[in-house]
Amino acid sequence: MRCVVHPISAIGAIVPNFALNPGLSWQWHWRNQVYEPLGAKTISVLGWILGDPTIYTTSMEVARQIVNARGQLEKSYETTAIMAQWGPNLFSTNGDDWRRHRRILGAAFNADVYKFVWKETASLFDEMVEAEQWKKQPVVALNPVNKLTTKFALNIISRCAFGNVFSWQYESAQPEAMDFGKALEIVAQSCLFRVIIPNWMYRLPIPLLRRMDAAYKTLGSFMASVLASRKSEMSGNTTEDNQSRHDLFSFMTSASDDEGHAAMSDDEVISNTFLMLFAGHDTTAHTLDAAIGLLALYQDIQQEIYEEIKTVALEDASLPYDAYPKLHKTEACFLESLRLFPAAFLMVRTTTEDTVITTDDPHIHGGRLPLSKGTMLAVDLIGMHYNAEYFPEPEEFKPSRWYDARENDLSMFSFGSRTCIGRRFALTEAVCFLSHLLLSWRVEPIMRDGETAAQWRKRLMVADVSMTLGVKSLPIRLVARV
């Protein structure tokens, strides 16, 4: 097997990045400098100082085996701790527990939810345009656009996951008060630090930590109260009609109740809601940023998508949910943006026993890779989606790659039974947002003095890598369509 030496390994996470230490984001910075020069899709990465070797792969064949293996490969606690802060959930569990969570959540993610997502996205978009007074301006500068998409995605996940609606221009009467919206924002931004920082530190007189702790307690109390309310509704103890609710929390609570002895505990319901909060806003917002930036740069593709949107818009310029299946090019734009910037860029598993994986790498003798118990494997989705064998001209923005794509082709959402359960939720929200945006506005890049399109694209491709992958602050101009 081909081997790469990662300079500082675990220490690289806390040492500033430099030429010899790309840190935790080496998959992005070295995406064209590792696999192809080695002539390999599966490599072993070693640390110079600390850390056990890890097998990284960009092979779809190997990735499918790693992700869908039963029993021999599982997620370890170290790789799921961030998402398990509230309790076990779909992301953090394995085996029968995972299948139980998947079955219950599968019932919650249904056609009624997707229709509800479209309705709320369209409603919030109109509310945003009104509150921001865009219609009074022929040109709107968004510098950066990231703030807008993050706020939008957080609001949608609040409405469609929790059933909690707060307006676009909502501001607490007491700016320092810890209301739901502020708690949601702080928790979404600090979940990594919550795992790293020990509990005793939150008792220290450090305002930042105190506020972080207050946000977690506020959100936890809110989810517990909503759970109690939904259960009361289902038991008929209130006048509320639970059947009229279409948020995920209500569907999940109802589906779990139907499972009887196999139902999820209250902690598991709340933990899965937290999982949806993180996965449902951060990744969608990042990919919308990328899509908007790329469409601003590629005006011909933007025009092509605009023409498609016009054909399905009604006379009053509204876009009903029935239009969604006809917006193939709009959806393809989002998928191609997600390929270029795969938000969840790593899938990690550890072998629970000695096992063998087959591979199409010619340098691996016999195409069989033996692995001992305790070996860590990582599917590098950045490397996979920049692999010219699967995606010719991988650095190019080509939504047409996805015009005839099947569900199984959407590798950015994982594979097989492990495919992201929220993919249709994210696609529905994204297509609705982009189609409403492009129907009324042409998107353009705001360039620096003397900057060329190629230079702006280079700036666009400087990604921000933390828990997820996304583009950095993007200056965008909206020009009203006549």
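Residues numbered from 1 in each chain as written. Predicted model: local features only at pLDDT ≥ 70, side-chain atom pairs only at ≥ 80, totals over all residues. Heavy atoms only, no water.

As named in an unreviewed UniProt entry, the protein is Cytochrome P450, taken from Irpex rosettiformis.

Draft legend 1. The arrangement of the side chain of arginine 349 in detail. Tracing the backbone through its elements, the reader meets arginine 349 in strand β6 (residues 346-351). Although arginine 349 is buried, it forms no salt bridge, and the closest oppositely charged side chain is glutamate 74 at an N-O distance of 9.1 Å. Excluding residues that lie within four positions of it along the chain, arginine 349 makes contacts with Ile66, Val67, Leu73, Glu74, Lys75, Thr375, Met376, Leu377 and Arg418. (Helix = DSSP H or I, 4+ residues; strand = E, 2+ residues; numbered from the N terminus. Buried < 20%, exposed > 50% of the residue type's maximum accessible area, 1.4 Å probe, protein only. Lys, Arg positive; Asp, Glu negative; His and termini not counted. Salt bridge = Lys/Arg side-chain N within 4 Å of Asp/Glu carboxyl O. Contact = heavy atoms within 4.5 Å.)

Draft legend 2. Here's a closer look at helix α6 (residues 111-132). For α6, which comprises 22 residues, the first-to-last C-alpha distance of 31 Å matches the rise-based estimate of 32 Å (1.5 Å per residue) to within 8%. Taken together, the buried positions of α6 are occupied by Val113, Tyr114, Phe116, Val117, Trp118, Glu120, Thr121, Ala122, Leu124, Phe125, Met128 and Val129. The N-cap residue of α6 is asparagine 110: its side-chain oxygen and the backbone nitrogen of aspartate 112 are 3.0 Å apart. One or two positions beyond α6, positive phi appears at glutamine 133, with a value near 60°. (Expected span 1.5 Å × (residues − 1). Polar contact = N/O pair within 3.5 Å; in protein donor to acceptor, adjacent residues only side chain to side chain.)

Draft legend 3. Focus on the packing of helix α11 (residues 266-297) against helix α13 (residues 328-340). Where α11 meets α13, the closest approach of the two axes is 9 Å, and the angle between their N-to-C directions is 105°. Classified by the angle their axes make, α11 and α13 are roughly perpendicular. Where α11 abuts α13, its residues Thr284, Thr287, Leu288, Ala290, Ala291, Leu294 and Leu295 lie against Cys333, Phe334, Ser337, Leu338 and Leu340. Looking at the contact of α11 with α13 residue by residue, the classes come out as 9 nonpolar, 3 polar and no charged. (Axes fitted to C-alpha atoms, helices over the stretch in contact; angles between N-to-C directions. Parallel < 35°, antiparallel > 145°, perpendicular 65-115°, else oblique. Nonpolar A, V, L, I, M, F, W, Y, C, P; charged D, E, K, R; others polar.)

Draft legend 4. Molecular detail of the environment of leucine 438. Tracing the backbone through its elements, the reader meets leucine 438 in helix α15 (residues 423-440). We classify leucine 438 as buried; its relative accessible area is 1%. Taking the C-alpha atoms as reference, leucine 438 lies 40 Å from glycine 87; in sequence the two are 351 residues apart. Excluding its chain neighbours within four sequence positions, the residues that come into contact with leucine 438 are Leu295, Gln302, Ile305, Tyr306, Ile309, Val443 and Arg481.

Draft legend 5. Structural context of the pattern of salt bridges. Here the structure, examined in full by the defined rule, presents 23 salt bridges. Ionic pairing is found between arginine 31 and glutamate 395, a salt bridge with its closest N-O pair at 3.3 Å. On the criterion of sequence distance, the pair formed by arginine 31 in the loop between α1 (26-29) and α2 (35-38) and glutamate 395 in the loop between α14 (381-385) and α15 is long-range, its members being 364 residues apart. Under the relative-accessibility criterion, glutamate 395 is labelled partly exposed at 23%. Salt-bridge contacts for arginine 100 lead to glutamate 268; the nearest nitrogen and oxygen are separated by 3.0 Å. With arginine 100 in helix α5 (residues 95-108) and glutamate 268 in helix α11, this pair connects stretches of sequence that are 168 residues apart. Of the two residues examined, arginine 100 and glutamate 268, each falls in the buried class. Bridged by salt links that share partners, the residues Lys119, Glu120, Glu127 and Arg159 form one connected network.

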